[in-house]
Amino acid sequence: MPQPAATPDNKNHQAMAAMFNSIAPTYDLVNKTASFGLDGYWRNRLIGELKNNRAKKVLDIACGTGVLSWAIHRKLQLSVTGLDLSIQMIEEAEKKKGRYGLSHVPAPVFVKGCAEKLPFPNRSFDAVAIAFGIRNVQDRAAALTEMIRVLSPGGLLLILDFAKPVNPVWRFFFRCYFFYFLPLLGYMASGNKHAYRYLPRSVDHFPPAADFCRELTAAGFSHTSCRSYTGGVAMLYKGTS
């Protein structure tokens with residue numbers, strides 16, 4: 001049984017948390033506008049995979065403002081725990097209870113923490129999801145070890161994130177949009193230049209899909225696979241503990 005990971009670098013986590021704290025109030029608006037609403041479509045593909053599983057308890061890592069957590073709560077009525085480094089993101093997630101909470105199902109619980117040292121016992125969840133957050137993880141190997149530790153045997157891992165399109169023409173237009181228009185839009189909405197310059201750089205530095213699938217396998221996940229959406233702009237990875 002994998003053991004809890006060593007304590008990660010707190011300075012890097014503090015810097016990451018500070019960046020996301022600063023953009024939390026406008027985060028949902030920028031995401032929806034910048035993706036032309038496709039972020040919801042991509043999350044629904046993840047939820048569709050979760051629906052086909054027998055999971056009852058789900059951990060949403062890097063939950064941000066809780067968009068995925070609340071969507072799982074509403075559509076599948078499962079027990080959801082959201083985890084994020086940013087306390088401001090968590091506060092935004094908790095504000096949604098009045099709009100999205102179901103009276104007959106316990107609302108998602110949101111806790112502060114990092115992926116590399118999950119504050120949960122072994123085998124706590126039937127499924128682990130992380131949407132648009134794996135690129136922000138300081139030590140992916142440690143985080144994947146933690147994910148498999150908190151999953152029950154045969155548990156499902158679902159990771160959704162941006163990717164670099166393979167088609168050279170589509171990749172050119174995607175990069176122009178991602179590196180120039182998105183930072184401008186993010187800055188206009190949030191006043192933070194750094195955060196929305198960081199996003200495209202983090203996508204650029206993330207490994208190709210085949211390499212990341214090998215990382216999942218090396219961490220101990222089986223039946224790993226990936227599926228691309230919107231011409232390769234988004235990628236959904238799957239694995240079983």
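Look above for the structure.
Each value, and the rule that gives it
Residues numbered from 1 in each chain as written. Predicted model: local features only at pLDDT ≥ 70, side-chain atom pairs only at ≥ 80, totals over all residues. Heavy atoms only, no water. Helix = DSSP H or I, 4+ residues; strand = E, 2+ residues; numbered from the N terminus. Buried < 20%, exposed > 50% of the residue type's maximum accessible area, 1.4 Å probe, protein only. Contact = heavy atoms within 4.5 Å. Areas by Shrake-Rupley, 256 points an atom, 1.4 Å probe, with all protein chains shown as cover. Expected span 1.5 Å × (residues − 1). Arc of directions from axis to C-beta. Disulfide = S-S within 2.5 Å. Polar contact = N/O pair within 3.5 Å; in protein donor to acceptor, adjacent residues only side chain to side chain.

Peer 1: Help me understand the overall build of the chain, please; the structure alone is not making it clear to me.
Peer 2: A tally of regular secondary structure across the chain gives 10 helices and seven strands. The buried share of the chain, taken over its 241 residues, is 51%. Long-range contacts, defined here as pairs at least 24 residues apart, represent 74% of the contacts in the chain between residues at least 6 apart. Only carbon and sulfur atoms are counted for the fraction: they give 56% of the accessible area of the chain, which is about 11,500 Å².

Peer 1: Looking at this structure, how should I read helix H3 (residues 38-51)?
Peer 2: Residues three or four positions apart in an α-helix share a direction because the helix packs 3.6 residues into each turn. Its 14 residues place the ends of H3 20 Å apart at the C-alpha level, agreeing with the 20 Å of an ideal helix rising 1.5 Å per residue. Buried within H3 we find Asp39, Trp42, Arg43, Leu46, Ile47, Glu49 and Leu50. Seen from one end, H3 has its buried residues packed into an arc of 155°, which puts them on one side.

Peer 1: Could you clarify how one ought to interpret the environment of tyrosine 198 in this entry?
Peer 2: With respect to the secondary-structure elements, tyrosine 198 resides in helix H9 (residues 193-205). Sequence spacing of tyrosine 198 and cysteine 114 is 84 residues, and the spatial spacing of their C-alpha atoms is 19 Å. With residues up to four places along the chain from it excluded, the contact list for tyrosine 198 reads Met16, Met19, Arg135 and Asn136.

Peer 1: I keep staring at the state of the cysteines and nothing clicks. Help me out?
Peer 2: What we call a disulfide is simply a covalent bond connecting the sulfur atoms of a pair of cysteines. Taken as a whole and judged by the stated rule, the model has zero disulfides. Among the cysteines around cysteine 226, which has no disulfide bond, cysteine 213 carries the closest sulfur, lying 4.0 Å off. Residue cysteine 226 is classed as partly exposed on the basis of its relative accessible area of 35%.

Peer 1: What's the story with the side chain of serine 124 in this structure? I'm lost.
Peer 2: Along the chain, serine 124 falls in the loop between strand S3 (109-112) and strand S4 (125-131). A polar contact is formed between the side chain of serine 124 and the backbone oxygen of proline 121, at a distance of 2.4 Å. Those residues in contact with serine 124 that lie beyond four places of it in its chain are Lys57 and Val150.

Just distances and angles here, no functional claims.
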